[in-house]
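# Chains, contacts and geometry: an overview
Single-letter residue listing:
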Amino acid sequence: MKKILVVFAVISIFLMVSCRNTSATQESTENVPYETVQGYFVKNDADLSKLKNGKIATEAEFSTIFGPAAVMGPNGMPTTVDFSKQYIIAVVGNKTDSAVTIVPVSLVKRGDRLTFTYEYKVGDKQSFTIQPSLAIVVDSKYAGDLELKEVE
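Report follows, based on the coordinates. (Residues numbered from 1 in each chain as written. Predicted model: local features only at pLDDT ≥ 70, side-chain atom pairs only at ≥ 80, totals over all residues. Heavy atoms only, no water.)

This paragraph deals with the overall build of the protein chain. Secondary structure summary: the protein chain contains 2 helices and 10 strands in total. From first element to last, N terminus to C terminus, the protein chain shows the α and β order α-β-β-β-β-α-β-β-β-β-β-β. Within the protein chain, the proportion of its 152 residues that are buried is 28%. Taking contacts inside the protein chain between residues at least 6 apart in sequence as the whole, the part at least 24 apart equals 76%. Carbon and sulfur atoms make up 55% of the accessible area of the protein chain, which amounts to about 10,400 Å² in all. (Helix = DSSP H or I, 4+ residues; strand = E, 2+ residues; numbered from the N terminus. Buried < 20%, exposed > 50% of the residue type's maximum accessible area, 1.4 Å probe, protein only. Contact = heavy atoms within 4.5 Å. Areas by Shrake-Rupley, 256 points an atom, 1.4 Å probe, with all protein chains shown as cover.)

By size, the foremost hydrophobic cluster in this structure holds 15 residues, and its most contacted members are Ile 56, Phe 66, Ile 88 and Ala 90. Those elements that place two or more of their residues in this core are α2 (59–65), β6 (86–92) and β9 (133–139). Of the residues forming this core, the biggest block, 3 residues, is contributed by β6. When near neighbours in sequence (up to four residues on either side) are disregarded, Ala 90 contacts Leu 51, Gly 54, Ile 56, Phe 66, Leu 134, Ala 135 and Leu 148. (Core = buried A, V, L, I, M, F, W, Y, C linked by side-chain atoms within 4.5 Å.)

A separate point is the sheet that holds strand β10 (residues 145–150). Pairing within the open sheet is mixed, and its 4 strands lie in the order β1-β7-β8-β10. In the strand order of this sheet, the two ends are held by β1 (29–31) and β10, each with one partner. Ignoring which end each strand starts from, the neighbouring axes of this sheet average 35° apart. The sheet contact formed by strand β8 (residues 113–130) and β10 spans 6 bridges and is parallel. Pairing of Thr 115 across the sheet is with Glu 147, part of β10. (Pairing = 2+ DSSP bridges. Axes fitted to C-alpha atoms, helices over the stretch in contact; angles between N-to-C directions.)

In this section: the side chain of Thr 115. By the element assignment, Thr 115 lies in strand β8. For Thr 115, a relative accessible area of 10% corresponds to the buried category. A distance of 3.3 Å separates the side chain of Thr 115 from the side chain of Glu 147, its partner in a polar contact. Excluding residues within four positions of it along the chain, Thr 115 makes contact with Ser 106, Leu 107, Val 108, Arg 110, Glu 147 and Lys 149. (Polar contact = N/O pair within 3.5 Å; in protein donor to acceptor, adjacent residues only side chain to side chain.)

We now examine the packing of aromatic side chains. Enumeration over the complete set of coordinates arrives at 5 aromatic pairs. Taking the centre distance of 5.0 Å and the plane angle of 25° together, the rings of Phe 62 and Phe 66 count as stacked. In this structure an aromatic cluster arises from ring pairing among Tyr 40, Phe 62, Phe 66 and Phe 83. Here the guanidinium or amino end of Lys 55 rests over the ring plane of Tyr 87, the centre of that ring lying 4.6 Å away. (Phe/Tyr/Trp six-rings, centres within 6.5 Å; stacked < 30°, edge-to-face > 60°. Lys NZ or Arg CZ within 6 Å of the ring centre and 35° of its normal.)

Below, the discussion takes up the sheet that holds strand β4 (residues 55–56). As summarised here, the arrangement of the 4 strands in space is β2-β9-β6-β4, forming an open sheet in which the pairing is antiparallel. Single-partner strands in this sheet number two, and they are β2 (35–36) and β4. Here β2 runs beside β9; their pairing, made up of 2 bridges, is antiparallel. Paired with Thr 36 across the two strands is Ile 136, which belongs to β9.

Without other data, these values stay purely geometric and don't point to any function.
The following block contains the structure:
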C-alpha cells in the first residue's frame, strides 16, 4: 500500500511540474521598426569614443560624429530626425580603401534588451579611403539596453 501511495505522489508531482505555465518565464520577442538614415557622412574629426554602444540620443551627440551631405535629386536631402521622439543607432567602421557597406539585418526587442544585427560587406579595393557607416532612426518608445551584433 505504501508503494502505491509513493508512486501516486511521484506521478502527481511530475504532472504538476510538467503542466505548469511556462509562458510567464519566456520573454516576448518583438521586431522593432526603423528607418535607415540617408545623407550623412562621418566627420574626419569625429571622436568615435562618444559613440556609446551605438546609441545616439541627442542632436548634439549626432552632430559631433555626422555631418549632412545633401545631394541633388528628389531624395537628396538628409533624413530628418526628431530627437524628442526618436533616437539613432549607429555603426561606424574603420577607415578603409575597400568598398564597404554596412547593411541592417534586424532590430529585435526581448524584454528590456534591443539587439541590432548588421552585416559588414567588403567589396573591391578603391583608389581612395572611406569610413563606412550605418545609422538607423528608432522611435523612443522602443528604448532598452542596446546590443550591436555583426553577422559573421
